[in-house]
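Letter by letter, the chains look like this.
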Amino acid sequence: MSSDDRKLQDPTGALDPPHLSRAEPGDSLLGRSLALVRFLRERCPWDARQDPRSLRPYLLEEAHEVADAIAAEDDDALPGELGDLLLNVAFQIVLAEEREAFESRDVLERLESKMRDRHPHIYGDAESPPDWEALKAELRAGHGERTEPDADVFEGVPMALEPLSRALRVQDRMAGIGFDWPDVSGPLEKVREEAGELESLLTGEEVEARDPIRDPERRSAIEEELGDLLFAVVNVARLARVHPSNALLSAISKFQRRSRDMRDRAEAEGLDWKSASLEELDRLWEAAKDDE
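Note that the structure is a prediction, hence the values are computed from the model and not measured. (Residues numbered from 1 in each chain as written. Predicted model: local features only at pLDDT ≥ 70, side-chain atom pairs only at ≥ 80, totals over all residues. Heavy atoms only, no water.)

Caption draft 1: Main features of a negative patch on the surface. A cluster of like negative charges, contributed by Glu197, Glu223, Glu224 and Asp228, occupies part of the molecular surface. Looking at the negative patch element by element, the count peaks at three residues for helix H12 (residues 216-239). Look at Glu197 and you get partly exposed, because its relative accessible area is 33%. (Patch = residues over 30% accessible without salt bridge, like charges linked within 9 Å, V, L, I, M, F, W, Y side chains within 5 Å. Areas by Shrake-Rupley, 256 points an atom, 1.4 Å probe, with all protein chains shown as cover. Salt bridge = Lys/Arg side-chain N within 4 Å of Asp/Glu carboxyl O. Lys, Arg positive; Asp, Glu negative; His and termini not counted. Charge placed at Lys NZ, Arg CZ, Asp CG, Glu CD. Helix = DSSP H or I, 4+ residues; strand = E, 2+ residues; numbered from the N terminus. Buried < 20%, exposed > 50% of the residue type's maximum accessible area, 1.4 Å probe, protein only.)

Caption draft 2: Expanded view of the packing of helix H2 (residues 32-43) against helix H5 (residues 78-98). The interhelical angle for the contact between H2 and H5, taken along N-to-C directions, is 65°, at an axis separation of 9 Å. Put simply, H2 runs roughly perpendicular to H5. Like other packed secondary-structure pairs, H2 and H5 cross with a definite hand, here right-handed. Between H2 and H5, the residues in contact are Ser33, Leu34, Leu36, Val37, Arg38 and Arg41 and Leu86, Leu87, Ala90, Phe91, Ile93, Val94, Leu95, Glu97 and Glu98, respectively. Partitioning the contact of H2 with H5 into residue classes produces ten nonpolar, one polar and four charged. (Axes fitted to C-alpha atoms, helices over the stretch in contact; angles between N-to-C directions. Parallel < 35°, antiparallel > 145°, perpendicular 65-115°, else oblique. Left-handed = near helix turned anticlockwise from the far one by under 90°. Contact = heavy atoms within 4.5 Å. Nonpolar A, V, L, I, M, F, W, Y, C, P; charged D, E, K, R; others polar.)

Caption draft 3: Summary view of helix H10 (residues 185-202). Over its 18 residues, H10 extends 26 Å from the first C-alpha to the last, a length consistent with the 26 Å expected when each residue adds 1.5 Å. Inspection of H10 places Gly186, Pro187, Val191, Glu194 and Leu198 among the buried residues, and these make up the whole buried set. Around the axis of H10, the buried residues are gathered within 140° of arc, so they sit on the same side. Counted as exposed and oriented over 90 degrees from the buried face of H10: Arg192, Glu199 and Ser200. Tucked into the core, H10 has its buried residues touching H12. (Expected span 1.5 Å × (residues − 1). Arc of directions from axis to C-beta.)

Spelled out as structure tokens, the structure:
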């Protein structure tokens, strides 16, 4: 490989980083997204008047659409959705260049530097992968993402994260400084404890007589106990190495699939599924489950 070829494949200027051995001929095409944005900024009034804040909603929307295509395993839609997301990333880089905040080189250099720091078993002499959260906490407290040793441990957890992911990241941060359960049995017991507290709040003649809609105090208490239960379930998912959002998405898809099957079975039997009895629907539901 010539020195010019290396420069094309390694815009950071680093000396032959080992991961460039996995470069493919078409990889440099991704850089055309930056040229595309610069071109649009010069010629389109709408693109020309955008700024980082005005584009933020589109960035979030496109990220969600990519996530939806992945969840649906829709490989036909995924390239287009990834392209839309790449355009938004490129837009933010070009806007930064224009205000002289940073360049595309800085983005890639930080990416490579962070990945080297987090993979000492690949780029260094470590024999096995590190404890990821402990390593990231160390980097945040030192030279990595934060320079202040007493920085807020939750600094950098995006407020825009959906709640299950945010709960997971918050728990990860505390685990990174050693505040964690030794195994999954502790969180499982916590789930049982929180479920019991919620059950106590929701059952009993006196309790059932208090309508939470008309009783703000009771509604607040129910919300708090439900939140504690959900937070405990996220802890179980984290220690089981399962992302809670993915688990919930799978459960939603399964529920929708079985519900459609139940409806189809009702129609096949000549039943109006909307007015069928609960017993009839339960029978059809169990049949749908058995078929799976």
